[in-house]
Amino acid sequence: MDKPEHNRIREAILDLAESVIAKEGLLSLKVSDITKGLGISTTLFYSIFKTKEDILVALTCRAFDQVLGLRWWLNLEGYSGLEKFIAYILNEIQFTETYCLRSSISTISCNRLIFNKASATYLRNLNRLAMDYWETPLQL
């Protein structure tokens, strides 16, 4: 399978998983429902995500990717570090209110049970994105 097709299926899995979690809750997320819903094989699913926990970590990575582009407070010129930090906090509040599901998934994916079952590849990506994001206040 070529890379664009792989990425398209990966995003479709994440979209469906996020929708299921939003409507029915985390415990309703089943690999078999995802594969049936998208008309893909279980083998294809597991070639993209090694574990169901990888989906949660990938959703968290997607949330971080989205919010990394919103770091507008870093470009504020003529403002003190405190003013930039306040802008950062306001952005966090807005993100949490706007994307409450992603914020919740982010918290869930930090759970030790989820973290211990997720694949190293997804965890490395999550750690990199989290580091990029959480270092932000230090860059003020």
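Now for a quick tour of the structure. (Residues numbered from 1 in each chain as written. Predicted model: local features only at pLDDT ≥ 70, side-chain atom pairs only at ≥ 80, totals over all residues. Heavy atoms only, no water.)

Some details on the overall build of the protein chain
Next, step 1: Scanning the protein chain from terminus to terminus reveals eight helices and zero strands.
Next, step 2: Listing the helices and strands of the protein chain from first to last along the sequence gives α-α-α-α-α-α-α-α.
Next, step 3: Here the protein chain, with 140 residues, has 37% of them falling under the buried criterion.
Next, step 4: If you sum the accessible surface of the protein chain, you get close to 8300 Å²; carbon and sulfur atoms cover 57% of it. (Helix = DSSP H or I, 4+ residues; strand = E, 2+ residues; numbered from the N terminus. Buried < 20%, exposed > 50% of the residue type's maximum accessible area, 1.4 Å probe, protein only. Areas by Shrake-Rupley, 256 points an atom, 1.4 Å probe, with all protein chains shown as cover.)

Examining the nonpolar core
Most often, soluble globular proteins keep nonpolar side chains buried together rather than apart.
Next, step 1: With 31 residues, the main nonpolar core has Ile 13, Phe 45, Phe 49 and Ile 55 as its most contacted residues.
Next, step 2: When residues of this core are traced back to their parent elements, those giving at least two are helix H1 (3-24), helix H2 (31-38), helix H3 (42-48), helix H4 (52-68) and helix H8 (120-134).
Next, step 3: The biggest single contributor to this core is H4, with nine residues.
Next, step 4: The residues contacting Phe 49, other than those within four sequence positions of it, are Arg 10, Ile 13, Leu 14, Asp 54, Ile 55, Ala 58 and Tyr 122. (Core = buried A, V, L, I, M, F, W, Y, C linked by side-chain atoms within 4.5 Å. Contact = heavy atoms within 4.5 Å.)

Let's talk about the packing of H1 against H2
Next, step 1: Close contact between H1 and H2 brings their axes to 10 Å; oriented N to C, the two are set at 120 degrees. Taken together, the axes of H1 and H2 lie oblique to each other. Crossing geometry of H1 relative to H2 is assigned as right-handed. On H2, the residues touching Ala 12, Ile 13, Leu 16 and Ala 17 of H1 are Asp 33, Ile 34, Gly 37 and Leu 38.
Next, step 2: Looking at the contact of H1 with H2 residue by residue, the class counts come to six nonpolar, one polar and one charged. (Axes fitted to C-alpha atoms, helices over the stretch in contact; angles between N-to-C directions. Parallel < 35°, antiparallel > 145°, perpendicular 65-115°, else oblique. Left-handed = near helix turned anticlockwise from the far one by under 90°. Nonpolar A, V, L, I, M, F, W, Y, C, P; charged D, E, K, R; others polar.)

What to know about the environment of Ser 28
Next, step 1: Note that Ser 28 resides in the loop between H1 and H2.
Next, step 2: Residues Ser 28 and Ala 17 lie eleven residues apart in sequence; the distance between their C-alpha atoms is 9.6 Å.
Next, step 3: Once you skip the residues sitting within four places of it in the chain, Ser 28 turns out to touch Val 20 and Asp 33.

Observations regarding the pattern of salt bridges
Next, step 1: Under the definition given, this model contains five salt bridges.
Next, step 2: Here Asp 15 makes a salt bridge to Arg 62, at a shortest N to O gap of 2.8 Å. With Asp 15 in helix H1 and Arg 62 in helix H4, this pair connects stretches of sequence that are 47 residues apart.
Next, step 3: On the basis of relative accessibility, which here comes to 14%, the residue Arg 62 falls in the buried class.
Next, step 4: Each of Arg 10, Glu 11, Asp 15, Glu 18 and Arg 62 takes part in one network of salt bridges that share partners. (Salt bridge = Lys/Arg side-chain N within 4 Å of Asp/Glu carboxyl O.)

With respect to a nonpolar patch on the surface
Next, step 1: On the surface, Leu 82, Phe 85, Ile 86, Ile 89, Leu 90 and Ile 93 cluster together into a nonpolar patch covering about 540 Å² of accessible area.
Next, step 2: Tracing the sequence through the fold places Ile 86 in helix H5 (residues 81-98).
Next, step 3: By relative accessible area, Ile 86 is classed as partly exposed at 44%. (Patch = residues over 30% accessible without salt bridge, like charges linked within 9 Å, V, L, I, M, F, W, Y side chains within 5 Å.)

Concerning H2
Next, step 1: Buried within H2 are the following residues: Val 31, Ile 34 and Thr 35. Buried residues along H2 cover an arc of 95 degrees about the axis, so they all sit on one side. Along H2, exposed side chains directed more than 90 degrees from the buried face belong to Lys 36 and Gly 37.
Next, step 2: Positive phi shows up at Gly 39, right after H2, with a value of about 70 degrees. (Arc of directions from axis to C-beta.)

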